[in-house]
Amino acid sequence: MSWSILVLNGPNLGRLGSREPEIYGSQTLADIGAELEAALPDEVSIELRQTDDEGELVGWLHEAVDRGTPVVLNPAAFTHYSYALRDAAALLKQAGVPLVEVHLSNPHAREAFRHTSVISGVASGVIAGFGTESYRLAIDWLLRTRS
Ligand code: DQA
């Protein structure tokens, strides 16, 4: 049976490619999506989305709960302070729908305000610091654990 994974991205990630390439690399989000898609088995697809809007991201997590769709989430700066996003992520945990928090960079090796994640406590797990590979590792885990 075919199934999909929501790959959700928060603010400023639409600027990947030109945004601080020394930190985030030179690939655009579309490049990342194409690379991820190419590595997927036939029966799995990804839905790659990005928004700068907190409410829209919350809505997408609600959608994931309702559809039972696993999520790979790069919450970007919302990671560090959005209780609304955390509460939405907690709904996935409550529903038993996996959510992997990912970061291109390693926030723990950066400014102090990035050391806190309000999302991690309700995520299935966190992968950070491996660039595009962070997304791929998250998807690999979802593929291997899907029952
Ligand atoms: C990020 C890290 C966050 O601290 C930052 O605000 C981002 C991107 C990452 O992928 O490394 O926008 O989530």
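Everything numeric here is computed off the predicted structure, so don't read it as measured data.

Every residue close to the ligand is listed here: Arg 19, Tyr 24, Asn 74, Ala 76, Ala 77, His 80, His 103, Leu 104, Ser 105 and Arg 114. Take Ser 105: an N or O atom from its side chain is 2.6 Å from an oxygen atom of the ligand. In this structure, an oxygen atom belonging to the ligand sits 2.9 Å away from a side-chain N or O atom of Arg 114. In the complex, 99% of the free accessible area of the ligand, which totals 320 Å², lies under the protein chains. Among the residues making up the shell around the ligand, the classes are represented as four nonpolar, four polar and two charged.

The next thing to look at is helix α4 (residues 83-95). If you check α4, its first and last C-alpha atoms are 18 Å apart, about what 13 residues at 1.5 Å a residue would give, namely 18 Å. Those residues of α4 not exposed but buried are Leu 85, Ala 88, Ala 89 and Leu 92. With its buried residues spanning 100 degrees around the axis, α4 presents them on a single face. For α4, exposure combined with an orientation more than 90 degrees from the buried face picks out Tyr 83, Asp 87, Lys 93 and Gln 94. Where α4 is buried, its residues touch α3 (54-67), β3 (71-74) and β4 (99-103).

Moving on, we come to the UniProt feature "active site" (unreviewed entry) in the protein. Per the UniProt entry, the sites bearing "active site" (unreviewed entry) are Tyr 24 and His 103 in this numbering. Judged by maximum C-alpha separation, these annotated positions cover 80 residues in sequence but sit close together in space, the widest gap being only 9.4 Å. With respect to the helices, strands and loops of the structure, Tyr 24 is situated in helix α1 (residues 21-24). According to the relative accessible area criterion, Tyr 24 is buried, its value standing at 12%. Setting aside chain neighbours within four positions, we find Tyr 24 in contact with Leu 16, Arg 19, Leu 104, Ser 105, Arg 110 and Arg 114. In terms of polar contacts, Tyr 24 uses its side chain to reach the side chain of Arg 19, at 3.4 Å. Note that His 103 resides in strand β4. Apart from residues lying up to four places away in sequence, His 103 is in contact with Asn 74, Pro 75, Thr 79, Val 126, Ile 127, Ala 128, Gly 129, Phe 130 and Ser 134.

Definitions and limits used
- Residues numbered from 1 in each chain as written.
- Predicted model: local features only at pLDDT ≥ 70, side-chain atom pairs only at ≥ 80, totals over all residues.
- Heavy atoms only, no water.
- Near = heavy atom within 4 Å.
- Polar contact = N/O pair within 3.5 Å; in protein donor to acceptor, adjacent residues only side chain to side chain.
- Areas by Shrake-Rupley, 256 points an atom, 1.4 Å probe, with all protein chains shown as cover.
- Nonpolar A, V, L, I, M, F, W, Y, C, P; charged D, E, K, R; others polar.
- Helix = DSSP H or I, 4+ residues; strand = E, 2+ residues; numbered from the N terminus.
- Expected span 1.5 Å × (residues − 1).
- Buried < 20%, exposed > 50% of the residue type's maximum accessible area, 1.4 Å probe, protein only.
- Arc of directions from axis to C-beta.
- Contact = heavy atoms within 4.5 Å.
- UniProt positions renumbered as here; feature names shortened; annotations may be inferred.

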